[in-house]
Amino acid sequence: MKKKIIVVAGPTASGKTALGIKIALAVNGEIISADSMQVYKNMPVATAAPTSEEKAQAKHHLVEFLEPQERFSVAAWCSLARQKIDEIISQGKIPVIVGGTGLFIDSLVDNIIFSEGQTDFELRNRLMNRDCDDLYNELAQVDPQSAKEIHKNNKKRVVRALELYYSGVSKTQQNIDSRREESPYEVLYFVIEYENRNILYDRINSRVDKMMEQGLLDEARRNLNISAETAAQAIGHKELAAYLNGDCPLEEAVENLKRKTRNYAKRQITWFKRRKDAVILRPDADGIDNTVKKAVACCEDFTNGKNEGKQSE
């Protein structure tokens, strides 16, 4: 019998945390964070980590447990998430995966098995120092299928695909090899969408203003010298670093942060649109209360066996 899990996914500032808590309370669940930056300590403002009040409402896992200088990977997250899923189910509860890092979520629910291998950081640094267009053109030549699946401006993923190619196994071949085992999960997969994208962008702009009020600048200052390979990738710190280093006024840095966050949301939207088995939730069209009621009703039917849920292929 497959293990039942619930996923709440969507772009930043879309309301995932609040909905995840409502669902966890309704189905006796515990939340597993699927956010590549919330794993780090000492940066709760930039990562919008769950607050003490939110943690008191529902138990959260895989949040703020790594030092900012420690490296982390999707493979490591999947391994930890699988352990947490088994622990939660063993207690008679339902795992609720909540987050916006699509690669983490889909690698877990589709049971992607990652090959072990050491990272060549010298090669990575050489690639990261090259022009993004040049890197993408090279990937299109050596692994055209991966190039089709990766946005040309997503430098980190382009570099990772090239790393795999130079290690002797292309990303395309690794993906083929990694999908040989059937997923052990029966998944109810929600994706939050906004029909009017400007509403989401307004939410993002308001969130950035609130983060500044909550001390984002001081948090960025404390983390200014973290390695660029780890927590320094968090949107919020690197944009404010330009101000802290004297390269631009604060107002310009904040506007750049808002723009970068909106661009990140666009990439998240594109990622989750590929999920054909998802239940789409539209809080701007249906209203927040009705959206919550719909999601909770689906979850109660799913956990009570009244429907078969959605299984990842």
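Heads up: the structure comes first, above all this text.
Residues numbered from 1 in each chain as written. Predicted model: local features only at pLDDT ≥ 70, side-chain atom pairs only at ≥ 80, totals over all residues. Heavy atoms only, no water.

## Section: the overall build of the protein chain
1) Next: Scanning the protein chain from N- to C-terminus turns up 16 helices and six strands.
2) Next: Looking at the 313 residues of the protein chain, the share that counts as buried comes to 46%.
3) Next: Look at the contacts in the protein chain between residues 6 or more apart in sequence, and 75% of them connect residues 24 or more apart.
4) Next: A total accessible area of about 16000 Å² is found for the protein chain, and carbon and sulfur atoms account for 46% of it. (Helix = DSSP H or I, 4+ residues; strand = E, 2+ residues; numbered from the N terminus. Buried < 20%, exposed > 50% of the residue type's maximum accessible area, 1.4 Å probe, protein only. Contact = heavy atoms within 4.5 Å. Areas by Shrake-Rupley, 256 points an atom, 1.4 Å probe, with all protein chains shown as cover.)

## Observations concerning helix H5 (residues 102–109)
1) Next: Extensive coverage of H5 is indicated by the burial of seven of its eight residues.
2) Next: By the burial criterion, the buried members of H5 are Gly 102, Phe 104, Ile 105, Asp 106, Ser 107, Leu 108 and Val 109.
3) Next: Check the buried side of H5 and you find it contacts strand E1 (3–9), helix H4 (74–90), strand E4 (94–99), strand E5 (185–192) and helix H14 (250–273).
4) Next: Just past H5, the residue Asn 111 takes up positive phi, approximately 60°.

## So, the environment of Val 191
1) Next: Note that Val 191 resides in strand E5.
2) Next: When its relative accessible area of 2% is taken as the criterion, Val 191 is described as buried.
3) Next: Placed 181 residues apart in sequence, Val 191 and Gly 10 show a C-alpha to C-alpha distance of 5.2 Å.
4) Next: Filtering out sequence-adjacent residues up to four positions away, Val 191 remains in contact with Ala 9, Phe 272, Ala 278, Val 279, Ile 280 and Leu 281.

## Description of the packing of aromatic side chains
1) Next: Following the criterion strictly, the structure yields three aromatic pairs and no others.
2) Next: Taking the centre distance of 5.9 Å and the plane angle of 80° together, the rings of Phe 65 and Phe 72 count as edge-to-face.
3) Next: Judged by centre distance (6.5 Å) and plane angle (65°), the ring pair of Phe 72 and Phe 104 falls under edge-to-face. You can see Phe 72 sitting in the loop between strand E3 (60–61) and H4 and its partner Phe 104 sitting in helix H5, a full 32 residues away along the chain.
4) Next: Of the aromatic side chains, those joined through ring pairs into one cluster are Phe 65, Phe 72, Trp 77 and Phe 104.
5) Next: One Lys or Arg, Lys 4, reaches over the ring of Phe 302 and ends 5.1 Å from the middle of that ring. (Phe/Tyr/Trp six-rings, centres within 6.5 Å; stacked < 30°, edge-to-face > 60°. Lys NZ or Arg CZ within 6 Å of the ring centre and 35° of its normal.)

## Some remarks on the pairing of E4
1) Next: Burial runs high along E4: six of the six residues are buried.
2) Next: Here E4 shows no split at all, with Ile 94, Val 96 and Val 98 on one side and Pro 95, Ile 97 and Gly 99 on the other all buried.
3) Next: The pairing of E1 with E4 spans four bridges and is classified as parallel. Bridge pairing in E4 places Ile 6 opposite Val 96.
4) Next: As paired elements, strand E2 (residues 29–33) and E4 share five bridges and run parallel to each other. Looking at E4, one finds that Ile 32 is bridged to Ile 97. (Pairing = 2+ DSSP bridges.)

## Considerations on the nonpolar core
1) Next: Counting residues in each nonpolar core, the largest one holds 29 residues, and the members touching the most others are Ile 6, Val 8, Leu 19, Ile 23, Val 96 and Phe 190.
2) Next: Elements supplying a minimum of two residues to this core: E1, helix H1 (16–27), E4, E5, helix H11 (197–213), H14, strand E6 (279–281) and helix H16 (288–303).
3) Next: The contacts of Val 8, once residues within four sequence positions are left out, are Lys 16, Leu 19, Gly 20, Ile 23, Val 96, Ile 97, Val 98, Gly 99, Phe 190 and Ile 192. (Core = buried A, V, L, I, M, F, W, Y, C linked by side-chain atoms within 4.5 Å.)

## With respect to the sheet that holds E3
1) Next: If you trace the six strands from one edge of the open sheet to the other, you get E3-E2-E4-E1-E5-E6, paired in parallel fashion. Each edge of the sheet is formed by a strand with only one pairing partner; in this case those strands are E3 and E6.
2) Next: Lying on the sheet, H16 is in contact with E1, E4, E5 and E6; it crosses E5 at an angle near 175°. (Axes fitted to C-alpha atoms, helices over the stretch in contact; angles between N-to-C directions.)

## Describing unusual backbone geometry
1) Next: Its identity as a non-glycine residue notwithstanding, Ala 13 has a phi of 70°, on the positive side.
2) Next: In this structure, Ala 13 sits in the loop between E1 and H1.
3) Next: Judged by relative accessible area, Ala 13 falls into the buried class, the value being 5%.

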